[in-house]
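Structural overview
Listed here are the chains, written in short residue letters.
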Amino acid sequence: MHLGFEWGPGDLLVYETNYKLQGSPLVHVVRKDEDICSPILRKLFNESHLIFVGLQKIKEDVPSKNKKSQFVSISKNYRSVIRACMEELQQNAGKHSPDTHRTRRGGCSRSVSILLAIELIWNLCEVLFIDAAPAGSLLLHLLDWVRLHKSDVDARAREVLQSESPAQHQSYWDVVISLVLQGRMDEARQVLSKQASLRAESSSVFKRMDVLLQTMPIFNPTGTQTLTEFDVKWRHWHEECDRCLQDNTFASNRHLETIVKILVGDEDTILEQKELLSTWYHFLVTRLLFTHPTIKPPDLHYYAQSSMNMFLGPRAPPEPLDIILLSAFEFDLHQVIKDCSIALNNWWFVAHLTDLLDHCKLLQSHNLHFGSNLREFLVLEYASGLFTHHSLWQLAVDYFDHCPEFGRVYLELQIERIPLDTERKAIKVLRICEDRQMSEQVRSICKIMAKRALRNNRLGSALSWSIRAKDAAFATLISERFLQDYCNKGSFTDLDLLDNLGPAMLLSDRLTFLGKYREFHRLYGENRFSEAAKLLLSLMTAKIAPRGLWMTLLTDALPLLEQKEVKTRTTHALHSHFTVVKKLDEDIESTKTELLRLALARNLAMAIVKEGTIET
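Residues numbered from 1 in each chain as written. Predicted model: local features only at pLDDT ≥ 70, side-chain atom pairs only at ≥ 80, totals over all residues. Heavy atoms only, no water.

Looking now at the overall build of the protein. A tally of regular secondary structure across the protein gives 30 helices and 3 strands. Residue burial in the protein is summarised as follows: out of 616 residues, 47% are buried. Carbon and sulfur atoms form 52% of the exposed surface of the protein, whose accessible area is close to 32,100 Å². (Helix = DSSP H or I, 4+ residues; strand = E, 2+ residues; numbered from the N terminus. Buried < 20%, exposed > 50% of the residue type's maximum accessible area, 1.4 Å probe, protein only. Areas by Shrake-Rupley, 256 points an atom, 1.4 Å probe, with all protein chains shown as cover.)

In C-alpha cells:
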C-alpha cells in the first residue's frame, strides 16, 4: 500500500494513494494538535493576540532605533505571558493524582517542557537581536538569561540557609559554587560566611576569598566607566586571583581552591562542575564571565560552538534545542526560525517572534519564492490553525487583517468553512464580513441561514436573512409563504418585522406587496378607513398582488364600503376590479362571487345617490 500525507491546520493526515476506482481513500488523523484544546494554552493564545494587535499599531514612520525600547517591552510582555501559562500548567500538573490523571499530567509536563524551551529561545533572541546588547552589556544580559532558566539554585540555597546548620548541609558547597558559576558573588559571600564563622583557625583564608569575590569588577552600562577602563580593572583583579592560585593560598581547603580556579577561568575545573551547570550554554556564559567579560556579539559564535563541543563531548549528539540556540549565537536568525518551525508542535512561537523581528526590520531581506514574505507566511499558518477551534477562530481574523498580501484571500476561504451552528455565531461571522466589505461571503451566509430558517418554518428569521443577503428571488419565495399562512390562518406572524420593513420591502414586488398589505391591515385596525381603502386600491391598480389573492383583497374591501369616509370613486374602482377578477377567474366560488357582487352593487348605488344629492 502506498501512502501520502498532508499537513492540515491542526492535524497530520495520512491517506492511501492506490485505492480502487469504486472505493474511496482511507484518511487517518495521525497527530492532533492538542495544544489548541488546552484551556491554559488558550489563555496564551488570547493574551498574545492582544500584544500582537498592539504591536501592529506602532507607527511605521518612526525610525526603528527610536522604537527599540517599545519592541523590548513587547518582547518581555510575550515572555511574561509564556511564563504565566507555564506556571499555571506546573500547578495543574501537581494537583492531579498519579492514578487517575496520569495522561493529563503527562500532557501538562510535555507542554511545560515546550514552553520552557520557547521562553529560553525567545529570551536569547531578545538579548541578541531585539535589544542587540553591545559588548559589556551583552554578558550581563546573558547572565540574567542563564539565571532565569536555572532557577533551581535559588531553591537549594533557601533549603541550605533555612536548615539548622547550613555549613554542615550536604548541598552547602554545591550552592556556593553554583552561585559563583552564575556570577552571584554577594549571595555566594553570604552563604560562605556560614562556614567562616565555624572555622576560626582558617578565617584568614575565608576572608581572602571574600575579598576576591567582593572586588570582582562588574560592568555598569549606566555608569561613567568606559569599557576599556573596565577591562583594565578586570585584568588586575584576574591577575590577583591567579596570584592566589599560584601561591597556594587556598590549598588547605579544596572547595575554596576549586572556586579560585573557576575565578581564573580554568576551563577544566569549570567543566568538572557539569552537574551544577547542567547545560552547555550555562557553561558558555560562565566561561565568558571568567575569561572574556567584554565579549563582542560577532565573537559569540566561536565560543558557543567550542563550548557546546567541550561540554557535550564527541559521543553525545546535540538535541534540536542545542542546534537552535547555537544558530542564535551564530546570529543566523532565519535558521533559528526554520529549526523552530520543525521542532515545535505549533506555529504560535515562530509566528509571533517573526512578526516582532520583522517590525524590528531584521527580516526584510528574506522573501519566499511563492510570493509572501516569511513573516506573513508564518502568521497565515498560525491563523489558519486557530480557525479549526470553535472559539479561537475570532482571534485569527485580526491576524489575517495584518497580512496585506494574502490575508484577505485566506480569510475569505476560512470564513466559508466555519460551521454556522447557531444564529448568534452566524451574526458574528456576518459582522466580520460586513466590516470588511466581503459582499460575496455576506450573501452566502445569509442564504444559508435563510434556507435553514425556512426549513424550520421560522418565516420571520428567513425573511430577515434573505433581506440582508439582498436575495430578491428568495425574499419573493418567503413573502409568498407569509401570504399563504395568512390565507390559511387569517392573520400575520412576525408583526415586528413586517411593520418595520422600511425601504427593504422594495427588494422584490412580492415583498413590497406583503409589506403594504400588512400596512393595510394595520390602518384598518387603527380605524383609519379612508387611508386603508386608498392603500388597498393602490395595491390592486399596481398589479403586484398575486392572482390568487385578488378575491381576498376584494373581500377585505367589503367592510370598508360601509364606512362613510370611503369616497365614491373608491367604490367605482373596486366595482371595476371585481368585474375584471370575475372575467379572469371563472373558478371562483359562486356564493362568494354573488355576495361580493351584491355588496358592491348596493354600495355603488348608494354612492351614485349620494353624488346626485350633493350636486342638487
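Its identity is not glycine, yet Phe-331 carries a phi of approximately 60 degrees, on the positive side. By the element assignment, Phe-331 lies in the loop between α15 (320-329) and α16 (333-343). With a phi close to 50 degrees, Gln-437 is a non-glycine residue in the positive phi region. Structurally, the position occupied by Gln-437 is in the loop between α21 (423-435) and α22 (439-455).

Following the sequence through the fold, Arg-510 ends up in helix α26 (residues 509-525). Only 3.3 Å separates the side chain of Arg-510 from the side chain of Glu-480, close enough to count as a polar contact. Excluding residues within four positions of it along the chain, Arg-510 makes contact with Thr-476, Ser-479, Glu-480, Leu-483, Ile-544 and Pro-546. (Polar contact = N/O pair within 3.5 Å; in protein donor to acceptor, adjacent residues only side chain to side chain. Contact = heavy atoms within 4.5 Å.)

Here the focus is the pattern of salt bridges. Under the definition given, this model contains 27 salt bridges. One salt bridge in this structure joins Asp-210 and Arg-189, with 2.7 Å as the shortest N-O distance. With a gap of 21 residues between them, Asp-210 in helix α8 (residues 203-215) and Arg-189 in helix α7 (residues 185-196) connect regions that are remote in the sequence. Overall, Asp-210 belongs to the partly exposed group, its relative accessible area being 22%. (Salt bridge = Lys/Arg side-chain N within 4 Å of Asp/Glu carboxyl O.)

Close inspection of predicted coordinates is inappropriate in any region flagged by low pLDDT. Summary statistics for the protein give a mean pLDDT of 81 and a share of 78% for residues scoring 70 or more. Contacts for the low-pLDDT stretch residues 28-32, under 50 throughout, to residues beyond four places or in other chains number 15 contacts. Counting interchain partners and residues more than four positions distant, the pLDDT-below-50 stretch residues 580-584 has 7 contacts. (pLDDT = per-residue confidence, 0-100.)

Moving on, we get to the side chain of Glu-376. Mapped onto the secondary structure, Glu-376 falls in helix α18 (residues 374-386). Although Glu-376 is buried, it forms no salt bridge, and the closest oppositely charged side chain is Arg-375 at an N-O distance of 4.9 Å. A polar contact of 2.6 Å, which involves the side chain of Glu-376, links it to the backbone nitrogen of Phe-406. Leaving out residues up to four positions away in the same chain, Glu-376 has contacts with Cys-403, Pro-404, Glu-405, Phe-406 and Gly-407. (Lys, Arg positive; Asp, Glu negative; His and termini not counted.)

So, on to the nonpolar core. In terms of nonpolar packing, the biggest core is built from 174 residues, with Trp-145, Leu-263, Trp-280, Phe-329, Trp-348, Phe-349 and Ile-415 touching the most fellow members. If you tally residues by element for this core, the top one is helix α3 (residues 102-130), at 13 residues. Those residues within four positions of Phe-329 in sequence are excluded, and the remaining contacts are Leu-124, Leu-128, Leu-142, Trp-145, Trp-280, Tyr-281, Leu-284, Leu-300, His-301 and Ala-304. (Core = buried A, V, L, I, M, F, W, Y, C linked by side-chain atoms within 4.5 Å.)

Time to look at empty space enclosed by the protein. Taken as a whole, this structure holds 2 cavities of 30 Å³ or more when the rule is applied. Estimates place the volume of the second largest cavity at around 60 Å³. For the second largest cavity, the full set of lining residues is Gly-136, Leu-139, Leu-140, Met-216, Pro-217, Ile-218, Phe-219, Phe-230, Trp-234, Leu-289 and Pro-293. Secondary structure elements with two or more residues in the lining of the second largest cavity: α4 (137-149) and α9 (227-246). (1 Å grid on protein atoms, 1.4 Å probe; cavity = no way out; pocket = protein on both sides within 12 Å on 5 of 7 lines; lining within 4 Å. Points joined across faces, edges and corners; volume = space filled by probe spheres on them.)

With that settled, consider α26. The terminal C-alpha atoms of α26 lie 24 Å apart, and with 17 residues this matches the ideal 24 Å at 1.5 Å per residue to within 8%. Within α26, the full set of buried residues consists of Arg-510, Leu-511, Thr-512, Phe-513, Leu-514, Gly-515, Tyr-517, Arg-518, Phe-520 and Leu-523. Immediately beyond the C-terminal end of α26, within one or two residues, lies Asn-527, with a positive phi of roughly 65 degrees. (Expected span 1.5 Å × (residues − 1).)

The geometry of α26 relative to helix α27 (residues 529-541) is characterised by a closest axis approach of 8 Å and an angle of 160 degrees between their N-to-C directions. Relative to α27, α26 is oriented roughly antiparallel. Here α26 runs over α27; the crossing is left-handed. Contact with α26, carried on its side by Phe-513, Lys-516, Tyr-517, Glu-519, Phe-520, Leu-523 and Tyr-524, involves Phe-529, Glu-531, Ala-532, Leu-535, Leu-536 and Leu-539 of α27 and no other residues of that element. Grouping the amino acids of the contact of α26 with α27 by side-chain chemistry returns 10 nonpolar, no polar and 3 charged. (Axes fitted to C-alpha atoms, helices over the stretch in contact; angles between N-to-C directions. Parallel < 35°, antiparallel > 145°, perpendicular 65-115°, else oblique. Left-handed = near helix turned anticlockwise from the far one by under 90°. Nonpolar A, V, L, I, M, F, W, Y, C, P; charged D, E, K, R; others polar.)

Looking now at the packing of aromatic side chains. Going through the model one piece at a time under the given rule, you end up with 21 aromatic pairs. Between Phe-387 and Trp-393, the aromatic rings sit 6.2 Å apart at their centres with planes inclined by 40 degrees, giving tilted as the arrangement. Comparing Phe-387 with Trp-393, the two get one shared label, buried. Relative to Tyr-410, the ring of Phe-400 lies with its centre 6.0 Å away and its plane at 40 degrees, an arrangement referred to as tilted. Residue Phe-400 is found in helix α19 (residues 393-401), and its partner Tyr-410 is found in helix α20 (residues 407-415); the two are separated by 10 residues along the sequence. On the basis of relative accessible area, Phe-400 is assigned to the buried category, the value being 1%. Residue Tyr-410 is classed as partly exposed on the basis of its relative accessible area of 27%. Taken together, Phe-45, Phe-52, Tyr-382 and Tyr-399 form an aromatic cluster joined through their ring pairs. (Phe/Tyr/Trp six-rings, centres within 6.5 Å; stacked < 30°, edge-to-face > 60°.)

Between helix α14 (residues 300-312) and α15, the least distance of the axes is 8 Å, while the angle of their chain directions is 155 degrees. By the angle between their axes, α14 is roughly antiparallel relative to α15. Within the contact between the two elements, α14 uses Leu-300, His-301, Ala-304, Gln-305, Met-308 and Leu-312 and α15 uses Asp-322, Leu-326 and Phe-329. Here the contact of α14 with α15 is composed, by residue class, of 6 nonpolar, 2 polar and 1 charged.

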